[in-house]
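Each chain is listed here by its residues.
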Amino acid sequence: MPSRAAAAARPSRFSDRTPVRIATWNINGVKARQESLTRWLEEAAPDIVCLQEIKSQDEQFPAEPIERLGYNVATHGQKGFNGVALLSKRPLEDVTIRLDGDEADEHARWIEATVSTETGAVRVVSLYLPNGNPIDTPKFPYKLSWMDRMLARAEALLATDEPIILAGDYNVIPEPIDARHPDRWVDDALFQPESRNRHRALVNLGYIDAQRAVSAADGIYTFWDYQAGAWQKNNGIRIDHVMLSPVAADRLVTVDVHKHTRGWEKPSDHVPVVVALDV
DNA sequence: ATGCCGTTTCGTAAACGA
């Protein structure tokens, strides 16, 4: 009676509701990836999607084909690069953009919204953390100050009762096991102690790395460079993360990396990460 | 290794990414 055994093994804290599935995906250009995005939305059917690097202004964002699949759309774009978006089958409420702490920062890297569920509501953030390379240029201190601003916002969000989901391209390799060849990243902004320490500070605030809550395995990657046959050699890194507040982590059911999309024609260099929450 | 590849832009070379 394997099915009965599986049902009995299900932790009792989970309900019989269908979990809410929340995804993050750096699509590296929403217009270039329009077909892939539609295909993936149809096959994966996530409830909420956090997109990064849409590389599109709000007016140019191809919302219609996405809305036709039943999604509401909120974007925070800019011309040429950066840009984040939220897609949700349920309405996106109280949408806010930008990260507090630097009025002069014009980069489109942060969008928040509340989505109501059967039992309450969740606050979801789609974030695109600065790359920071090369580290001997102003780009690296910009990354670090941006992370300090993120930590302040993350802490403020914990004061609410709602489960918080901070999902996106963090451009941080948290640990050596998150890279196929960690030695090759020692001079890179993604693997600097200052970057990793700030990511750990997010954990110390109480946020849980959803992937690490379900698996301690190495070899779990979300990005493979277009160059030098990185995908063919499985030379990957794990830099796309879903960070959950304690209340959200208590409801975590599964985490899946949709690695197969990296093998599609004209792929993004990142793949989606999908978490299921019983909320 | 100032390289590799891919997207975008007042474009056909340069900026940006990781």
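Look up a bit, the structure's there.
Residues numbered from 1 in each chain as written. Chains lettered and ligands numbered in written order. Predicted model: local features only at pLDDT ≥ 70, side-chain atom pairs only at ≥ 80, totals over all residues. Heavy atoms only, no water.

As for the overall build of chain A
Each helix and strand counted, chain A has 7 helices and 14 strands in total. Expected size for 279 residues packed as a compact globule is a radius of gyration near 19 Å; at 18 Å, chain A falls within 12% of this value. When its C-alpha atoms are laid out on the principal axes, chain A stretches across 60 × 45 × 40 Å. Sorting the 279 residues of chain A into buried and exposed places 52% on the buried side. In chain A, 69% of the contacts between residues at least 6 apart in sequence involve partners at least 24 apart. Of the roughly 12500 Å² of accessible surface on chain A, 50% is carried by carbon and sulfur atoms. Where the 32 positive side-chain charges of chain A centre and where its 40 negative ones centre are 5 Å apart. (Helix = DSSP H or I, 4+ residues; strand = E, 2+ residues; numbered from the N terminus. Rg over C-alpha atoms; globule rule 2.2 N^0.38 Å. Buried < 20%, exposed > 50% of the residue type's maximum accessible area, 1.4 Å probe, protein only. Contact = heavy atoms within 4.5 Å. Areas by Shrake-Rupley, 256 points an atom, 1.4 Å probe, with all protein chains shown as cover. Lys, Arg positive; Asp, Glu negative; His and termini not counted. Charge placed at Lys NZ, Arg CZ, Asp CG, Glu CD.)

Observations regarding the pattern of salt bridges
Applying the stated rule across the entire model yields 13 salt bridges. The closest approach of N and O atoms between Asp178 and Arg238, which form a salt bridge, is 2.7 Å. Residue Asp178 is found in the loop between β8 (164–169) and α5 (193–204), and its partner Arg238 is found in the loop between β11 (236–237) and β12 (240–244); the two are separated by 60 residues along the sequence. Just as Asp178 is buried, Arg238 falls in that class too. Each member of the salt-bridge network shares a partner with another, and the members are Asp178, Asp209, Arg212 and Arg238. (Salt bridge = Lys/Arg side-chain N within 4 Å of Asp/Glu carboxyl O.)

Considerations on helix α4 (residues 139–157)
The end-to-end C-alpha distance of α4 is 27 Å, a good match for the 27 Å that 19 residues give at a rise of 1.5 Å each. What α4 keeps buried is the set Phe140, Tyr142, Lys143, Leu144, Trp146, Met147, Arg149, Met150, Leu151, Ala154 and Leu157. (Expected span 1.5 Å × (residues − 1).)

Observations regarding α5
Compared with the 16 Å implied by 1.5 Å per residue over 12 residues, the 16 Å span of α5 between its first and last C-alpha is a close match. Listed as buried for α5 are Ser195, His199 and Leu202. Within α5, the buried residues cover an arc of 45 degrees as seen down the axis, which keeps them to one side. Once α5 finishes, Gly206 follows within two positions and takes phi at roughly 120 degrees, a positive value. (Arc of directions from axis to C-beta.)

Structural notes on the protein's contact with DNA strand B
Among the 27 residues in the neighbourhood of DNA strand B, the closest are listed as Glu53, Tyr128, Asn131, Asn171 and Gln227. Within the side chain of Tyr128, one N or O atom sits 3.0 Å away from a phosphate oxygen of DNA strand B. In terms of residue class, the surface near DNA strand B is made up of 9 nonpolar, 8 polar and 10 charged. (Near = heavy atom within 4 Å. Polar contact = N/O pair within 3.5 Å; in protein donor to acceptor, adjacent residues only side chain to side chain. Nonpolar A, V, L, I, M, F, W, Y, C, P; charged D, E, K, R; others polar.)

A word on the pairing of strand β6 (residues 110–116)
Among the 7 residues in β6, 6 count as buried, and that is most of the element. Inspection of the sheet shows strand β5 (residues 93–97) paired to β6 by 3 bridges, in the antiparallel sense. Considered in β6, the bridge of Thr96 is made with Glu112. Relative to strand β7 (residues 121–128), β6 runs antiparallel, the two sharing 7 bridges. Bridging from a neighbouring strand, Trp110 pairs with Leu127 of β7. Where β6 folds back on β7, the antiparallel hairpin that results is connected by 4 residues. (Pairing = 2+ DSSP bridges.)

Observations regarding the packing of aromatic side chains
Overall, the coordinates contain 4 aromatic pairs when judged by the stated rule. Geometrically, the ring pair formed by Trp110 and Trp146 is edge-to-face, given 5.9 Å between the ring centres and 65 degrees between the ring planes. With Trp110 in strand β6 and Trp146 in helix α4, this pair connects stretches of sequence that are 36 residues apart. With relative accessibility at 1%, the residue Trp110 sits in the buried group. On the basis of relative accessibility, which here comes to 1%, the residue Trp146 falls in the buried class. Three or more aromatic residues joined by ring pairs make a cluster, and in this case those are Tyr221, Trp224 and Trp231. Geometry around Trp264 places Arg39 over its ring, the cationic atom sitting 3.8 Å from the centre. (Phe/Tyr/Trp six-rings, centres within 6.5 Å; stacked < 30°, edge-to-face > 60°. Lys NZ or Arg CZ within 6 Å of the ring centre and 35° of its normal.)

Limitation: the analysis is restricted to geometry and does not speak to function.
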